[in-house]
Number of protein chains: 2
Amino acid sequence: MVTEQGSAFERGKLTDPDCPTRLVLDRIGDKWTVLVVTLLADGPLRFTQLRAGIGGVAPKVLTQTLRALERDGLVTRTAYPEIPPKVIYELTELGHSLRAPVAAIADWSERNVNRILAARTAHDQA
Amino acid sequence: MVTEQGSAFERGKLTDPDCPTRLVLDRIGDKWTVLVVTLLADGPLRFTQLRAGIGGVAPKVLTQTLRALERDGLVTRTAYPEIPPKVIYELTELGHSLRAPVAAIADWSERNVNRILAARTAHDQA
DNA sequence: CAGCATCCTACAGGATACTG
DNA sequence: CAGTATCCTGTAGGATGCTG
């Protein structure tokens, strides 16, 4: 399988530490980002709603995740100067577009998780 | 949440710590797995060839990565009892099939990395 | 050549408590 | 409500040296 021109695999950029794929992988590879994006996919949510939707995230960590998402232009943060405060998080268009590739991962995962688990069990026997 | 039947996003499994997507994300989210899979995509390679192809991996870490891939049935390891030793790593069919979703990530990354970087810079100004 | 054994450190992630 | 401020720990990843 020497060449398969056009595929993302032949561009050889993955060896570069600043490679785009690495950048994105570092983002979605963390513990909560994909979950947050998924929850926001159906519409804007408040901080507490996200917290509840996830279950078991320390507020500090959720804040970190959201701030990073905001910094990368994937999420907007809108604070309403009320008392008590209200903050709305919403996916940007860029954030929404991320759903497609993530769905590709999710679909592959669900179709193949059994094979992985089986291989794992078999391997752990021996 | 509201329901948008069919999409991988509404299955609500991501909240489950044992969710398939989390499992795969934990795999490909690490530092070297995607790179190894990419290198093996064009054909089998020896340990040293992988090392060279990556550049800067500690042998221990590369071994860990390969063992994990082997355990999950994504890579086969074939040791030839010669002196000096020769070990060939090769993608399984399952391993090859992983290339597609990873390519989806890679494509999205390359198309949008500029937007992310721009958002990042803009955000860091303010 | 293809690794294992050992030691080490940075940092992601978490627990807990407090506040504008 | 939506966070900060602190403190703490597990572990991924790395550096170095040795061996069948």
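The structure presented is a predicted model; accordingly, all values stated were derived computationally and were not measured.

Peer 1: Honestly, the relation of the copies chain B and chain A in this entry has me stumped. Any pointers?
Peer 2: When chain B is fitted to chain A, the residual RMSD is 0.0 Å, and the transformation amounts to a turn of 180° plus an axial shift of 0.0 Å. The relationship between the two copies is best expressed as a two-fold rotation axis. Residues of chain B ranked by C-alpha distance from the rotation axis are headed by B:Gly29, positioned 2.1 Å from it. Taken as a fraction of all interface residues of chain B, those also at the interface in chain A reach 97%, which identifies the copy contact as same-surface.

Peer 1: Would you take a moment to explain the environment of A:Ala104 for this structure?
Peer 2: Checked against the element boundaries, A:Ala104 lands in helix α6 (residues 99-125). Look past the residues within four positions of A:Ala104 in its chain and what remains in contact with it is B:Pro101 and B:Ala104.

Peer 1: Sorry, what's going on with the pattern of salt bridges here?
Peer 2: Where charged atoms from two side chains of opposite charge approach closely, those side chains can pair. Counted according to the given criterion, the structure contains ten salt bridges over all chains. The closest approach of N and O atoms between B:Asp124 and A:Arg71, which form a salt bridge, is 2.5 Å. Residue B:Asp124 is located in helix α6 (residues 99-125), and its partner A:Arg71 is located in helix α4 (residues 59-71); the two belong to separate chains. The exposure class assigned to B:Asp124 is partly exposed, which follows from its relative accessible area of 46%.

Peer 1: Sorry, what's going on with the interface of chain B and chain A here?
Peer 2: The extent of an interface is frequently quoted as the accessible surface area lost upon association of the parts. With 58 residues of chain B at the interface, the matching set in chain A holds 58 residues. Summing both partners gives a buried area of about 5600 Å² for chain B against chain A, and 64% of it is carried by carbon and sulfur. Between A:Asp72 and B:Arg120 there is a salt bridge, and its shortest N-O distance comes to 2.7 Å. At the junction of chain B with chain A, the criterion picks out twelve residue pairs in polar contact (both at pLDDT 80 or more). Within the residue set of the side of chain B that touches chain A, elements represented by two or more residues are α1 (20-28), α2 (33-40), α3 (47-54), α4 (59-71), α5 (93-97) and α6 of chain B. With 20 residues, the top contributor of residues to the side of chain B that touches chain A is α6(B). Of the residues assigned to the side of chain B that touches chain A, the class counts are 27 nonpolar, twelve polar and 19 charged.

Peer 1: Would you take a moment to explain the protein's contact with DNA strand C for this structure?
Peer 2: Among the 18 residues in the neighbourhood of DNA strand C, the closest are listed as A:Lys31, A:Lys60, B:Thr48, B:Arg77 and B:Tyr89. Each atom of DNA strand C within 4 Å of the protein was assigned to sugar, phosphate or base; sugar and phosphate come to 68%. B:Pro85 has a polar backbone atom sitting 3.3 Å from a sugar or linking oxygen of DNA strand C. For the surface near DNA strand C, the secondary structure elements donating two or more residues are α4 of chain A together with α3, α4 and β3 (86-91) of chain B. For the surface near DNA strand C, the per-class residue count stands at eight nonpolar, two polar and eight charged.

Rules used in this analysis
Residues numbered from 1 in each chain as written. Chains lettered and ligands numbered in written order. Predicted model: local features only at pLDDT ≥ 70, side-chain atom pairs only at ≥ 80, totals over all residues. Heavy atoms only, no water. Least-squares fit on C-alpha atoms with pLDDT ≥ 70 in both. Contact = heavy atoms within 4.5 Å. Helix = DSSP H or I, 4+ residues; strand = E, 2+ residues; numbered from the N terminus. Salt bridge = Lys/Arg side-chain N within 4 Å of Asp/Glu carboxyl O. Buried < 20%, exposed > 50% of the residue type's maximum accessible area, 1.4 Å probe, protein only. Buried area = accessible area lost by both parts, 1.4 Å probe. Polar contact = N/O pair within 3.5 Å; in protein donor to acceptor, adjacent residues only side chain to side chain. Nonpolar A, V, L, I, M, F, W, Y, C, P; charged D, E, K, R; others polar. Near = heavy atom within 4 Å.

So, to be careful, I would describe these as geometric facts and stop short of saying anything about function.
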